[in-house]
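Take a look at the letters that make up each chain.
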Amino acid sequence: MSENKEKNFEQLFRAHYKELHGYAFRYLGDSDVAEEVVQQVFLRLWERDWEEQIHTSLKAYLYRAIYNESMNQLKREQRKLKYQSYGQHRQDFEPAVDESSKDLDKKLQIALAELPEKSRTVFELSRFQEMKYKDIAATLDLSIKTVEGHMSKALRHLRTELMDYLTLIIFYLIYML
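Anyway, here's the lowdown on the structure attached to this text. Residue positions within a chain follow its written sequence, with the count starting from 1. Only residues with pLDDT of at least 70 are given local features in this predicted model, and only at 80 or more are side-chain atom pairs given and counted; all residues enter the totals for whole chains, interfaces and linings. With hydrogens and water set aside, each side-chain value is computed from the structure's full complement of heavy atoms.

## Overview of the pattern of salt bridges
Step number 1: For this analysis, a salt bridge means a side-chain nitrogen from Lys or Arg found within 4 Å of a carboxyl oxygen belonging to Asp or Glu. In the structure shown here, the tally under the stated rule is five salt bridges.
Step number 2: A salt bridge links R14 to E10; the shortest N-O distance between them is 3.0 Å. Of this pair, R14 and E10 both sit in helix α1 (residues 3-28), four residues apart, roughly one helical turn.
Step number 3: We classify E10 as partly exposed; its relative accessible area is 43%.
Step number 4: For R76, the salt bridge goes to E69, with nearest N and O atoms at 3.3 Å.
Step number 5: Of the residues examined, R76 reaches a relative accessible area of 36% and is grouped as partly exposed.
Step number 6: By relative accessible area, E69 is classed as buried at 8%.
Step number 7: Members of the salt-bridge network, linked through shared partners, are R44, E69 and R76. For the purposes of this entry, the term helix denotes a DSSP run of H or I that reaches at least four residues, the term strand denotes a run of E that reaches at least two, and both are numbered from the N terminus. When a residue's accessible area, from a 1.4 Å probe over protein chains only, is under 20% of the maximum for its type it is buried; when over 50% it is exposed; and in between it is partly exposed.

Structure follows, in structure tokens:
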């Protein structure tokens, strides 16, 4: 790089730094961040062949670059705050979900214990052992229609007994997954 180019860049920096810093500060409200934005714009300018590439007013180019970089900085800050808020919300919510999950497990065990033995066995084989109705029927020596009847009975009973937890489960599925 020629010495003349360095000298021109230094003059440009000295001539516009203060006013560009003030311009960035108006958008950002933080002097240190405004300084970073101005330095970033000048760094990009330095990395380019700025004397050859900028065909408009150099001052207008710098102001537009400061504006764009300031807006980008604000967007980054908003994303960061949103992520932190989400993280905090999640931390606040998880203990309640853990406790409610334990309550739900207890309530499920009680509700299953209230079922007739065959209905409970069919439900457990289907849901916990992931067996198909055909396999359950063969294992318990029942017809498929009987297995379907026991499952309907079990699901109807569980739906009634666990109604209070339905909103919690839906809330958990929507916000946590």
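## Quick word on helix α2 (residues 31-47)
Step number 1: Here the expected length of a helix is defined as 1.5 Å per residue gap, with one fewer gap than residues. In this model, α2 (17 residues) spans 24 Å end to end at C-alpha, consistent with the 24 Å of a helix rising 1.5 Å per residue.
Step number 2: Taken as a whole, α2 has its buried residues at V33, A34, V37, V38, V41, F42 and L45.

## Describing the environment of F42
Step number 1: Checked against the element boundaries, F42 lands in helix α2.
Step number 2: For the pair F42 and F13, spaced 29 residues apart in the sequence, the C-alpha separation amounts to 7.5 Å.

## Focus on helix α5 (residues 117-127)
Step number 1: For α5, the full list of buried residues reads S119, V122, F123, L125 and S126. Summarising the axial view, the buried residues of α5 lie within an arc of 165 degrees, below the 170-degree limit, and thus occupy one face. The arc under discussion is defined with respect to the helix axis, by the directions toward the C-beta atoms.

## Some details on the packing of aromatic side chains
Step number 1: Here the aromatic set is Phe, Tyr and Trp, taking the six-membered ring for Trp, and pairing holds for ring centres within 6.5 Å; pairs whose planes are under 30 degrees apart are stacked, those over 60 apart are edge-to-face, and all others are tilted. For the structure shown, the criterion picks out eight aromatic pairs.
Step number 2: The interplanar angle of 70 degrees and the centroid separation of 4.9 Å between the aromatic rings of F13 and F42 together place this pair among those described as edge-to-face. Of this pair, F13 sits in helix α1 while F42 is found in helix α2, placing the two residues 29 residues apart along the sequence.
Step number 3: Residue classification places F13 among the partly exposed positions, given a relative accessible area of 29%.
Step number 4: Aromatic pair Y27 and Y67: ring centres 5.3 Å apart, planes at 75 degrees, arrangement edge-to-face. You can see Y27 sitting in helix α1 and its partner Y67 sitting in helix α4 (residues 58-114), a full 40 residues away along the chain.
Step number 5: The structure contains a cluster of three or more aromatic residues connected by ring pairs, namely F9, F13, Y17, F42 and W46.

Structural measurements only, silent on function.
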